[in-house]
Amino acid sequence: MARAVTPQRKALNTAIAWGIGLLIFFPILWTILTSFKTEAQAISDPPVFLFFDWTLENYSVVQERSDYMRFLWNSVIIAGGSTILGIIIAIPAAWSMAFVPSKRTKDILLWMLSTKMLPAVGVLYPIYLIFIRMGILDTRMGLVVVLMLINLPIIVWMLYTYFREIPGEILEAARMDGASLKEEILYVLTPMAMPGIASTLLLNIILAWNEAFWTLNLTAAKAAPLTAFIASYSSPEGLFYAKLSAASTMAIAPILILGWFSQKQLVSGLTFGAVK
Amino acid sequence: MTHAPMEKIARATPAPVARRIKGLSDRAIAWIFVAPSIFLLLAVNIFPLIWTIRLSFTDYRVNRPNRDVEWVGLRNYERILTDDGIWATMQATAHFLIWTIVLQVIIGFALAYLINKKFKGNDLWTTVIVLPMMLSPAVVGNFWTFLYQPQIGLFNYVIAFFTGADPASFSMIGDVNLAPWAIVIADTWMWTPFVMLICLAGLRSIPDSIYEAAECDRASKWRQFWTITIPMALPFLMLAVLFRGIENFKMFDLVVQLTGGGPGNTTTLTSIDLKREAFERWRTGYSSAYAVILFVTVFGLASIYVKALNKVKER
């Protein structure tokens, strides 16, 4: 075979791949390690890798200074709420584009993608004004709506990609058997496209979780999610790197845990369905 | 399990509703289904965009709402396009955009090509390398600031270890010449895995049989690479470039967190500059024109690019 893989070649592959993996993972690992050091050890020269006095002090200081759970809860509601709402609106849209395509379908998809090209700052002012007028500034509901709208093009686009891979004949067969449109979508299409929907869900939870621009500009004290928590620690005054690392670790931990339990769907989602 | 759906089917949709739905063609239902998404996107994107376009022809300032708003025609656009500062910002953006894409594509593709076939721990490895993309740009900016610190930063330490330079002798984010590279490196770290994964998907989609046929025809490895691998992986590669291009043109959080646009204006990318004009100098009309120009630029470039992408796909 042309592409026969010898054992040596395979070992080399594995070694190269894991080398790269470590290199990529290292800055994250370093941050996590630093969060367990004392401030003095965090900035020691030469840097210490593993042999330092492990301490949880940074975490308790960070927790004392700002109520982590409140930010976390806001993040969960905003990211989860906006994604689920988005998917509910996007499934019918993706269904019609995938199974009843018209001449305009491609244009509509492109147009939806183009709405992601406008710099967010460009529409911040009108949206800010609308928020004030509707009285939803600094509320979780306001952010759920905004983030849902911002990620909607991606959700529709991704669901469309996944739906298109499902043969239309199966849906036709269901219809022949007397399934109504609602049943066709709810009991035939949705279960079949579940891996794709899960990937879309995960990607958009992550996008909404990390979205900093809107969450910082449209919240103050009440609805501020973890991005605001992190931003409050980023001022370099005093250079408290161990505490900064602890705050960073706390902010990324939920996402890392979520990612760990959903590896396959996550990778598929992060690459917009290119990796199955 | 089988019970619940059957029961639901048995109960079916109420007769009048069913008749109404059946009376509609698939096409009509399709439009009804797409309508909410289109309407919402119009509301959140096009409506503010029109508002922004309207403002761009005025000298409105948000912080002085009681002042009379004057219609200034194209003056804002004229001023932006002749402003040296903005051209410098555009250059900084172009530098960032071109280098991040070039580096990510070359490194991403090279690594994907090296690895290509599945190997031990493939799935776990994939999870590890997608970690950077899962993190908030704000957090990434934070810990790269730490890594880039002279004397104590790990990045400087590693560079010093390999080159013999003094780790305290250079500052990635404080130096006018190095700062544009500092943001390129951080973004490359964060997004190369993305390009690599897409390339891997492309490479793994090429059937072995094509290579076998080429081998029978005595095509050299070099020839196989250029006539099989590259053309077949190209659509994937181009898609990755499209996504990265659009995202990096709007780059904001990561760079603000890392350098804040400094030192001087060397890393002030267009969206950072735009934010300053709009919410620090409060020149609303002017910054609206700025936003419109940026949008037209990205949209124009992306449209040309998508056309090219579709051509490549059809081949």
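What counts and what doesn't
Every chain begins its residue count from 1, and numbering advances along the sequence as written. Lettering for chains starts from A, numbering for ligands starts from 1, and both go in the order in which the items are written. Given that this is a predicted model, residues contribute local features only at a pLDDT of at least 70 and side-chain atom pairs are listed and counted only at 80 or more, while totals for whole chains, interfaces and linings are drawn from all residues. Only hydrogens and water are set aside when side-chain values are computed; all heavy atoms of the structure are taken into account. Only DSSP runs of H or I with at least four residues qualify as helices, and only runs of E with at least two residues qualify as strands; both kinds are numbered from the N terminus onward. Burial here depends on accessible area, computed with a 1.4 Å probe over protein chains only, as a share of the maximum for the residue type. Under 20% is buried, over 50% is exposed, and the range in between is partly exposed. Any pair of residues with heavy atoms lying within 4.5 Å of one another is described as a contacting pair. Charge assignment: positive for Lys and Arg, negative for Asp and Glu; neither His nor the chain ends contribute. To locate a charge, take atom NZ for lysine, CZ for arginine, CG for aspartate or CD for glutamate. Definitions used throughout: a 1 Å grid over protein atoms alone; a cavity as a set of points that fits a 1.4 Å probe which cannot get out; a pocket as an open set with protein on both sides within 12 Å along at least five of seven lines; a lining residue as one with an atom within 4 Å of a point. Grid points are joined across faces, edges and corners, and a volume is the space filled by probe spheres set on the points. Source of the domain bounds: an automatic or database domain assignment. Only rings of Phe, Tyr and Trp enter the pairing, Trp through its six-membered ring, and a pair is recorded when the two centres are within 6.5 Å. The plane angle decides the type: under 30 degrees is stacked, over 60 is edge-to-face, the rest tilted. As a working rule, the residues Ala, Val, Leu, Ile, Met, Phe, Trp, Tyr, Cys and Pro are called nonpolar, Asp, Glu, Lys and Arg charged, and the rest polar, with Gly in that last group. Summed over both partners, the accessible area (1.4 Å probe) lost when two parts come together is defined as the buried area. By salt bridge we mean one thing: a side-chain nitrogen of Lys or Arg within 4 Å of a carboxyl oxygen of Asp or Glu. Here a polar contact is recorded for every N or O atom pair within 3.5 Å, except that within protein the pair must consist of a potential hydrogen donor and a potential acceptor, and residues adjacent in sequence are included only if both atoms are side-chain atoms.

(A) Region of the structure containing the overall build of chain A. What chain A contains, in helices and strands, is 14 helices and zero strands. Helices and strands appear in chain A in the N-to-C order α-α-α-α-α-α-α-α-α-α-α-α-α-α. Over its C-alpha atoms, taken along the principal directions, chain A stretches across nearly 70 × 70 × 30 Å. For chain A, the residues scored as buried account for 56% of the 276 residues in total. Once local pairs closer than 6 in sequence are excluded, the contacts in chain A between residues at least 24 apart make up 74%. If you average the places of the 19 positive and of the 16 negative side-chain charges in chain A, the two averages end up 8 Å apart.

(B) Looking closely at the layout of surface pockets. Its boundaries defined by the atoms lining it, the largest pocket holds a volume of some 900 Å³. The wall of the largest pocket is formed by 29 residues, among which W157(A), R164(A), L239(B), L309(B) and K313(B) lie closest to the centre. At the level of secondary structure, the elements contributing two or more residues to the lining of the largest pocket comprise α5 (105-114) and α7 (140-164) of chain A together with α11 (221-249) and α14 (284-314) of chain B. Considering each element in turn, the lining of the largest pocket owes the most residues, seven residues, to α14(B).

(C) Examining the domain arrangement of chain A more closely. On domain assignment, one finds that chain A holds domain 1 (7-60) and domain 2 (66-232). For domain 1 of chain A versus domain 2 of chain A, the separation of C-alpha centres amounts to 35 Å.

(D) Region of the structure containing the packing of aromatic side chains. All names here are of chain B. All told, the structure shown has 27 aromatic pairs over all chains when counted by the stated rule. Relative to Y113, the ring of F109 lies with its centre 6.3 Å away and its plane at 15°, an arrangement referred to as stacked. Linking F109 with Y113, this pair stays in helix α5 (residues 84-115), spanning four residues, or about one helical turn. A residue is classified by how much of its surface remains accessible, and F109, at 11% relative accessible area, is buried. A relative accessible area of 29% places Y113 in the partly exposed class. Taken together, the ring pairs in this structure connect F109, Y113, W222, F225 and W226 into an aromatic cluster.

(E) Representation of the side chain of T126(B) within the structure. Looking at where T126(B) falls in the secondary structure, it is placed in helix α6 (residues 122-134). Owing to a relative accessible area of 9%, T126(B) belongs among the buried residues under this scheme.

(F) Structural context of empty space enclosed by the protein. Summed over all chains, the structure comprises six cavities of 30 Å³ or more. Computed from the structure, the largest cavity encloses a volume of approximately 1,100 Å³. Along the walls of the largest cavity sit 47 residues, with K116(A), L207(A), E211(A), E247(B) and K250(B) positioned nearest its centre. Only α6 (120-134), α7, α10 (194-210) and α11 (213-217) of chain A together with α3 (26-55), α9 (179-204), α11 and α12 (253-258) of chain B provide two or more residues apiece to the lining of the largest cavity. There is about 100 Å³ of room inside the second largest cavity. Looking at the second largest cavity, it is lined by 14 residues, and the ones nearest its centre are V121(A), Y125(A), A278(B), S287(B) and S288(B). Elements with a contribution of two residues or more to the lining of the second largest cavity: α6 of chain A together with α3, α13 (270-279) and α14 of chain B. Taken together, the residues that form the lining of the second largest cavity break down as nine nonpolar, five polar and no charged.

(G) Highlighting the environment of R281(B). Residues and elements named next belong to chain B. Position of R281 relative to the elements: it lies in the loop between α13 and α14. Spatially, the C-alpha atom of R281 lies 38 Å from that of P193, the residues being 88 residues apart in sequence. Leave out the neighbours within four places in its chain, and R281 touches R61, D273 and R276.

(H) The arrangement of unusual backbone geometry in detail. Residue and element names in this part refer to chain B. The backbone phi angle of R218 is positive, close to 60°, even though this residue is not glycine. Positionally, R218 belongs in the loop between α10 (208-216) and α11. Despite not being glycine, W282 has its phi angle at roughly 55°, a positive value. Looking at the element boundaries, W282 is found in the loop between α13 and α14.

(I) Representation of the interface of chain A and chain B within the structure. On the chain B side, the residues contacting the 95 residues of chain A number 96 residues. Between chain A and chain B, roughly 8,800 Å² of surface is buried when both sides are summed, and carbon and sulfur atoms account for 76% of that area. For the pair chain A and chain B, the interface holds zero salt bridges. The interface formed by chain A and chain B includes eight residue pairs in polar contact (both at pLDDT 80 or more). Of the residues forming the side of chain A that touches chain B, the biggest block, 18 residues, is contributed by helix α1 (residues 7-34) of chain A.

(J) Spotlight on the environment of Q104(B). Residue and element names in this part refer to chain B. Topologically, Q104 is positioned in helix α5. With 89 residues separating them in the primary sequence, Q104 and P193 have C-alpha atoms 8.4 Å apart. If we ignore the near neighbours within four places in the chain, the residues touching Q104 are F109, D187, T188, W191, T192, V195 and R244. Reaching out from Q104, the side chain makes a polar contact with the side chain of D187 at a distance of 2.8 Å.

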